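# Residue-level structure breakdown
Residue strings, one per chain:
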Amino acid sequence: MSTLRSADPLGSIDSTELRILHALATTGSLTAAAASLGLSQPAVSQRIKRVENRLAVPLIERSGRGIRLTTAGQILADHGRTVVAEIDAALAAIDDLRGERAGTLRMVGFPSASATLVPALMRQLAEEAPDVALQYREAEPPAATAMLRDGEVDCALIFDYEGAAELPAGSAFLPLWREEVHLVLSDDRAADGRPAHLGDFAHEHWIAGCEKCRGHLLAAAGEAGFEPDIIQETDNVPAMLAMAAAGGAVALVPGLALAAARTLPDDARAVALEPPRYRTIGLVSMSTANESPQVRLAKRMLAHVDGSRWGLESVA
């Protein structure tokens, strides 16, 4: 219980008494103040009298048929309102913290996150909130955000190229990391690992990935002045890397996908682009006042995941 103390060790007032004074200031009635606090009128009168005795100053006085606060009482009520609000906020935060440590978190994420970011989140949950059950499903961003829209999951871990993500109405995107996109090609096509200009590969065959990645490839090629000749399509990153290593086609692959694949084939190279291209990784959730404690917990935990081990740059 919060207590304000005066220089006199006998002079003190606790949070319940502050609430009483604030209720008296608001209602102007002992009866109404008592009712608003769930107390009896005699109990309120006794608490006020005890405080007056401790502080040696009157706090209320008669005013017609009701009562009003004295100057001293008003001072306490004014300052007490701030103190009580802070106490209530602290208790609410503790309730939220308690709520975060149990229950179920329903999340969907894209494949390369499944092998990197999601296990990191699971480790944090095991250490800090072992009673939270993570129900995880895997889907690429268009399907993942649809699952969020339909209420199948609480949040979606997605990637976004150039701010082009289509989010469900009433949702919000929390950006967490930025990752660089690389050109993957066979060893004999790599120019000693130097950054590659996309336009130099206008006449190559291309491998396209998922729907969003294919869209990014088309946009990037368009900016470089050509239309890519896509002859192979797969959202299986190890297969894409093996195809690029075999020669005959090249691919754009994000850094997290490279990290999830663990290793490149011996006869493949991943080189940076000049100018560089990036995509953003973040969490989408419904932006409601009643956001679940588990989603708030996931946001905080993901913000503390060290993405640099996979070549990610934090933007949170």
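Residues numbered from 1 in each chain as written. Predicted model: local features only at pLDDT ≥ 70, side-chain atom pairs only at ≥ 80, totals over all residues. Heavy atoms only, no water.

### Quick word on the overall build of the protein chain
As a reminder, the rule being used: Here a helix means four or more residues in a row that DSSP labels H or I, a strand means two or more in a row labelled E, and each is numbered from the N terminus. The buried label applies to any residue whose accessible area, calculated with a 1.4 Å probe on protein chains only, is under 20% of its type's maximum; exposed applies above 50%, and partly exposed to all values in between. Only heavy atoms enter the contact rule, under which two residues are in contact if any of them lie within 4.5 Å. Surface accessibility in these figures is a Shrake-Rupley result with a 1.4 Å probe; residues are shielded only by whichever protein chains are displayed.
What the protein chain contains, in helices and strands, is eleven helices and 13 strands. Looking at the 316 residues of the protein chain, the share that counts as buried comes to 41%. Taking all contacts inside the protein chain whose residues are at least 6 apart in sequence as the whole, residues at least 24 apart take part in 73%. Working note: accessible area of the protein chain is about 15,900 Å², and carbon and sulfur atoms make up 51% of it.

### Overview of the packing of helix α1 (residues 15-27) against helix α3 (residues 41-55)
Each pair of packed helices can be described by the angle between their axes along with the distance between the axes. This is how it is decided: Here an axis means a line fitted to C-alpha atoms, over the contact stretch when the element is a helix, while the angle between two N-to-C directions is reported on a 0 to 180 degree scale. Any angle that is under 35 degrees is reported as roughly parallel, and any over 145 degrees as roughly antiparallel; angles of 65 to 115 degrees are reported as roughly perpendicular and all others as oblique. When residue character is reported, Ala, Val, Leu, Ile, Met, Phe, Trp, Tyr, Cys and Pro are called nonpolar, Asp, Glu, Lys and Arg charged, and the others, Gly included, polar.
Where α1 contacts α3, the axes come no closer than 10 Å and their chain directions differ by 110°. Comparing their axes, α3 and α1 come out roughly perpendicular. Here T16, E17, I20, L21 and L24 of α1 come into contact with α3, specifically with V44, R47, I48, V51 and R54. Across the contact of α1 with α3, the residue classes tally to six nonpolar, one polar and three charged.

### Structural notes on the packing of aromatic side chains
Quick note on the threshold: Each aromatic pair joins two rings of Phe, Tyr and Trp (for Trp, the six-membered one) with centres within 6.5 Å, and gets the label stacked for planes under 30 degrees apart, edge-to-face for over 60, and tilted for any other angle. Consider the ring centre and the ring normal. A charge sits over the ring if Lys NZ or Arg CZ is within 6 Å of that centre and within 35 degrees of that normal.
A complete count under the given rule lists three aromatic pairs for this structure. Taking 5.0 Å as the distance between ring centres and 90° as the angle between the ring planes, the aromatic pair formed by F110 and F159 counts as edge-to-face. Separated by 49 residues along the polypeptide, F110 in the loop between β5 (103-109) and α5 (111-114) and F159 in strand β7 (residues 155-160) bring together distant segments of the chain. Under the relative-accessibility criterion, F110 is labelled buried at 1%. When its relative accessible area of 1% is taken as the criterion, F159 is described as buried. The ring of Y278 has R178 lying over it, and the distance from NZ or CZ to the ring centre is 3.7 Å. In this structure, R279 packs its charged tip against the face of F159, placed 3.9 Å from the ring centre.

### Notes on the nonpolar core
Nonpolar side chains in soluble globular proteins tend to be buried together. Under the convention used in this document: Only buried residues count toward a nonpolar core, which is a set of Ala, Val, Leu, Ile, Met, Phe, Trp, Tyr and Cys residues joined through side-chain atoms within 4.5 Å.
Counting residues in each nonpolar core, the largest one holds 49 residues, and the members touching the most others are L117, L157, L183, W206, L252, I281 and L302. Contacts of L157, omitting those with residues within four sequence positions, involve V108, G109, F110, A113, L117, V118, I281, G282, L283 and L302. One finds L30, V51, I67 and A77 within the second-largest nonpolar core, a separate group that totals 18 residues.

### Comments concerning the side chain of E179
So the rule is basically this: By the criterion applied in these results, polar contacts are pairs of N or O atoms within 3.5 Å in which, for protein atoms, one can donate a hydrogen and the other can accept it, and in which residues neighboring in sequence qualify only through two side-chain atoms.
Looking at the secondary structure, you find E179 in strand β8 (residues 171-186). Among the polar contacts listed, one links the side chain of E179 to the backbone nitrogen of G255, at a separation of 3.3 Å. Engagement of the side chain of E179 in a polar contact is seen with the backbone nitrogen of L256, the distance being 2.6 Å. When sequence neighbours within four positions are dropped, the list of residues in contact with E179 reads P254, G255, L256, A257, R277, Y278, R279, I281 and L312.

### Digging into the pattern of salt bridges
As a reminder of what qualifies: Salt bridge, as used here, is a side-chain nitrogen of Lys or Arg placed within 4 Å of a carboxyl oxygen of Asp or Glu.
In this structure the tally under the stated criterion is 13 salt bridges. Across the salt bridge formed by R54 and E17, the nearest N and O atoms sit 2.9 Å from each other. With R54 in helix α3 and E17 in helix α1, the pair connects residues that are 37 residues apart, well separated along the chain. By relative accessible area, R54 is classed as partly exposed at 26%. Of the residues examined, E17 reaches a relative accessible area of 4% and is grouped as buried. With a closest N to O distance of 3.6 Å, K49 and E52 form a salt bridge. Residue K49 and its partner E52 are both found in helix α3; the two are separated by three residues, about one turn of the helix. We classify K49 as partly exposed; its relative accessible area is 48%. Look at the salt bridges and you will find they share partners, linking D14, E17, R47 and R54 into a network.

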